[in-house]
Amino acid sequence: MIPITPEIIGPGIEEEYEDAMERIAFLLDAFKDYPASNETAHSRVVYQLRWLKQEIDAQRLPVPVHKSWIGTLCYVVGSCEVDDSKEIAKALGELKRILQGPGLLKPRHFPVVAAQIDDLVADIHLFGDPLTPDEIKFVADLEDTAKGIRSGQIIPPLTVPKGIHPLKLALMHAKRLENILPQPPNPHEYWKQSHFLQLPLFSAWRPYVAQKPPLGAPNPGLGPEAPDFTLVRDLVNTNVTKT
C-alpha cells in the first residue's frame, strides 16, 4: 500500500457538506411535487431532506451523524420504496454514505485503488501459486485494471450497461483463493481485501484506508443521538384510544 498522505485524505467537513448538498438539491427537485409531511414515504423523505439542508446550512451537522438523526433516509435506502429512478436510488445511497462517514471516491483516491489491486495480486501469487488457468486470467485482468487506472484510461467506478461487471464476479467467486489465502483475522485474508477493493472499484466508496476521521460540526448543536419520542407517541395514542 502507498503512504496515505493528508492530500489523499483530503479536506475537512466542507467537502462532505458540499457532496451532501449536491445530492439534497437533486432529490428535492426530483420530489418537488411532494409536500414535506409524514403522510407518505416520499413526503417523509422531503421532510428529512429539508431538515438536512437546514442543519448543513447552519453547519450543525457532524460527519458521521448518528443514524437516529437520519432514520428516514436510512429506511428508504433499505426499502427502495422511493426509488423512482436509478438516479434517485444512486443519490439516496450516496447521501447516506456521505452522512454516515465512508464518503465518496475522488480522483485523489485512484492511486490507492491501484495499490489495493497490487497488494491483492501480490498475495494471490504469494499464497496461491501455481494458479489455475482461470486465476491466471483473473490476475491479468486485475493487473490491466491497475495499469489502466494509473494511466488514466480506466476511471473508477467500473460499470457495465446491465448486470454485474465481469471482474467483480471474478473477485466474488475466487473460492480457491479465498480458502488458500490466510484466514481471518489475518490482514492478508482474501475476503477482506476483495471486499475493500470492490467498494471503491465498482461502487465509488472512498477506500477504507483513506477514510477521514470523525468530523465535528463547526457550530455544534445536535446531541449525539436524536431524542426518543416513542414514549410521547405511545402516550398520545393511548389518550386518543381512551377518548
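Residues numbered from 1 in each chain as written. Predicted model: local features only at pLDDT ≥ 70, side-chain atom pairs only at ≥ 80, totals over all residues. Heavy atoms only, no water.

## Describing the overall build of the protein chain
Each helix and strand in the protein chain was counted, giving 11 helices and 0 strands. Counting helices and strands in the order they occur from the N terminus, the protein chain gives α-α-α-α-α-α-α-α-α-α-α. Taking the principal axes of the C-alpha coordinates as reference, the protein chain spans close to 75 × 40 × 35 Å. Every one of the 243 residues in the protein chain was classed for burial, and the buried ones make up 39%. Per element, the accessible surface of the protein chain, about 13700 Å² overall, is 59% carbon and sulfur. (Helix = DSSP H or I, 4+ residues; strand = E, 2+ residues; numbered from the N terminus. Buried < 20%, exposed > 50% of the residue type's maximum accessible area, 1.4 Å probe, protein only. Areas by Shrake-Rupley, 256 points an atom, 1.4 Å probe, with all protein chains shown as cover.)

## So, the packing of helix α4 (residues 71-79) against helix α5 (residues 86-100)
Their axes nearest at 10 Å, the elements α4 and α5 cross at an angle of 135°. Judged by the inter-axis angle, α4 sits oblique to α5. For the element pair α4 and α5, the recorded crossing hand is left-handed. Only L92, G93, L95, K96, L99 and Q100 of α5 make contact with α4, whose side of the interface consists of L73, C74 and V77. (Axes fitted to C-alpha atoms, helices over the stretch in contact; angles between N-to-C directions. Parallel < 35°, antiparallel > 145°, perpendicular 65-115°, else oblique. Left-handed = near helix turned anticlockwise from the far one by under 90°. Contact = heavy atoms within 4.5 Å.)

## Remarks on the packing of aromatic side chains
Here a ring pair, both rings aromatic, is described through the centre-centre distance and the interplanar angle of the planes. Throughout the structure, instances matching the rule amount to 3 aromatic pairs. Considering the side-chain rings of W51 and W69, the 5.6 Å spacing of their centres and the 5° angle between planes classify their relative orientation as stacked. With W51 in helix α3 (residues 41-57) and W69 in the loop between α3 and α4, this pair connects stretches of sequence that are 18 residues apart. Ring plane angle 0° and centroid distance 4.6 Å describe the contact between F196 and Y208, whose orientation is recorded as stacked. Of the two residues, F196 sits in helix α10 (residues 190-203) while Y208 sits in the loop between α10 and α11 (230-242), which places them 12 residues apart along the sequence. (Phe/Tyr/Trp six-rings, centres within 6.5 Å; stacked < 30°, edge-to-face > 60°.)

## Side note on the environment of R44
Tracing the sequence through the fold places R44 in helix α3. Sequence spacing of R44 and T72 is 28 residues, and the spatial spacing of their C-alpha atoms is 6.9 Å. If near-sequence neighbours (up to four positions away) are discounted, R44 is found in contact with S37, N38, E39 and T72. Within polar-contact distance, the side chain of R44 engages the backbone oxygen of N38 at 3.0 Å. (Polar contact = N/O pair within 3.5 Å; in protein donor to acceptor, adjacent residues only side chain to side chain.)

## Re a nonpolar patch on the surface
A cluster of nonpolar residues, M1, I4, Y208 and V209, forms a patch on the protein surface that exposes about 350 Å² of accessible area. With respect to the helices and strands, M1 occurs in the segment before α1 (6-9). Given the relative accessible area of 42%, M1 is considered partly exposed. (Patch = residues over 30% accessible without salt bridge, like charges linked within 9 Å, V, L, I, M, F, W, Y side chains within 5 Å. Salt bridge = Lys/Arg side-chain N within 4 Å of Asp/Glu carboxyl O.)

## Considering α5
With 15 residues, α5 ought to run about 21 Å at 1.5 Å a step, and its terminal C-alpha atoms sit 21 Å apart, in line with that. Elements in contact with the buried residues of α5: α2 (13-30), α3, α4 and α10. Following α5 by one or two positions, G101 adopts a phi angle in the positive range, close to 115°. (Expected span 1.5 Å × (residues − 1).)

## Brief notes about the packing of helix α6 (residues 110-128) against α10
For the pair α6 and α10, interaxial distance at closest approach is 10 Å and the crossing angle is 155°. One way to sum up the angle between α6 and α10 is to call them roughly antiparallel. Regarding α6 and α10, the two cross each other, and that crossing is left-handed. Of the residues in α10, those in contact with V113, Q116, I117, D119, L120 and D123 of α6 are Y190, Q193, F196, L197, P200 and L201.

## Observations concerning the side chain of Q193
Structurally, Q193 can be placed in helix α10. Not counting residues within four places of it along the chain, the set of residues in contact with Q193 comprises D119, L120, D123, L181, P187 and H188.

## So, the nonpolar core
The biggest cluster of nonpolar side chains holds 30 residues, and the ones touching the most others in it are L27, F31, L95 and L99. When residues of this core are traced back to their parent elements, those giving at least two are α2, α3, α4 and α5. Apart from the residues within four sequence positions on either side, L27 is in contact with L49, I88, A91, L92 and L95. With 25 residues, the next largest nonpolar core counts F110, I117, A146 and L171 among its residues. (Core = buried A, V, L, I, M, F, W, Y, C linked by side-chain atoms within 4.5 Å.)

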